[in-house]
Amino acid sequence: MTTTDFTVTGMTCEHCVRSVSEEVSEVAGVTSVDVDLASGRLTVTADQPVSAEGVRAAVEEAGYHLA
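What comes next is a walk through the structure. (Residues numbered from 1 in each chain as written. Predicted model: local features only at pLDDT ≥ 70, side-chain atom pairs only at ≥ 80, totals over all residues. Heavy atoms only, no water.)

Between its first and last C-alpha atoms helix α1 (residues 14-25) spans 16 Å; for 12 residues at 1.5 Å apiece the expected length is 16 Å, and the two agree. Taken together, the buried positions of α1 are occupied by Cys16, Val17, Ser19, Val20, Ser21 and Val24. The secondary structure elements touched by the buried residues of α1 are β1 (2-9), β2 (30-36), β3 (41-46) and α2 (52-61). (Helix = DSSP H or I, 4+ residues; strand = E, 2+ residues; numbered from the N terminus. Expected span 1.5 Å × (residues − 1). Buried < 20%, exposed > 50% of the residue type's maximum accessible area, 1.4 Å probe, protein only. Contact = heavy atoms within 4.5 Å.)

In structure tokens:
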């Protein structure tokens, strides 16, 4: 298992959190996603190393950006 933290910008509500969580959960290998609205912290746990570009693409698909 690997755990990686990212910072997401542009989120303002729980709907934003759900959107990011749903998109990042679809990245290959991801087993869990935790998003903290207040800090923008996105914690991704995976059973294999996860591509930062894959996470970035998922976050952007949800309508947000990685810092």
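Those residues of α2 that sit buried are Val55, Ala58 and Val59. For α2, the angular spread of the buried residues around the axis is 100°, confining them to a single face. Residues of α2 that are exposed and point over 90 degrees away from its buried face: Glu53 and Glu61. The secondary structure elements touched by the buried residues of α2 are β1, α1, β3 and β4 (65-66). If you check the start of α2, you find a side-chain oxygen 3.2 Å away from the backbone N of Glu53, and it comes from Ser51. Taken from the residues just after α2, Gly63 is the one with a positive phi, measuring 100°. (Arc of directions from axis to C-beta. Polar contact = N/O pair within 3.5 Å; in protein donor to acceptor, adjacent residues only side chain to side chain.)

Reading across from one edge, β2-β3-β1-β4 is the order of the four strands in this open sheet, with antiparallel pairing throughout. Since the sheet does not close on itself, it has two edges, and those belong to β2 and β4, each with one partner. For β1 and β4, the ladder comprises two bridges, and the chain directions are antiparallel. Opposite Val8, over in β4, you have Leu66 as the bridge partner. Seen against the sheet, α1 touches β1, β2 and β3 and runs at an angle of roughly 160° to β2. (Pairing = 2+ DSSP bridges. Axes fitted to C-alpha atoms, helices over the stretch in contact; angles between N-to-C directions.)

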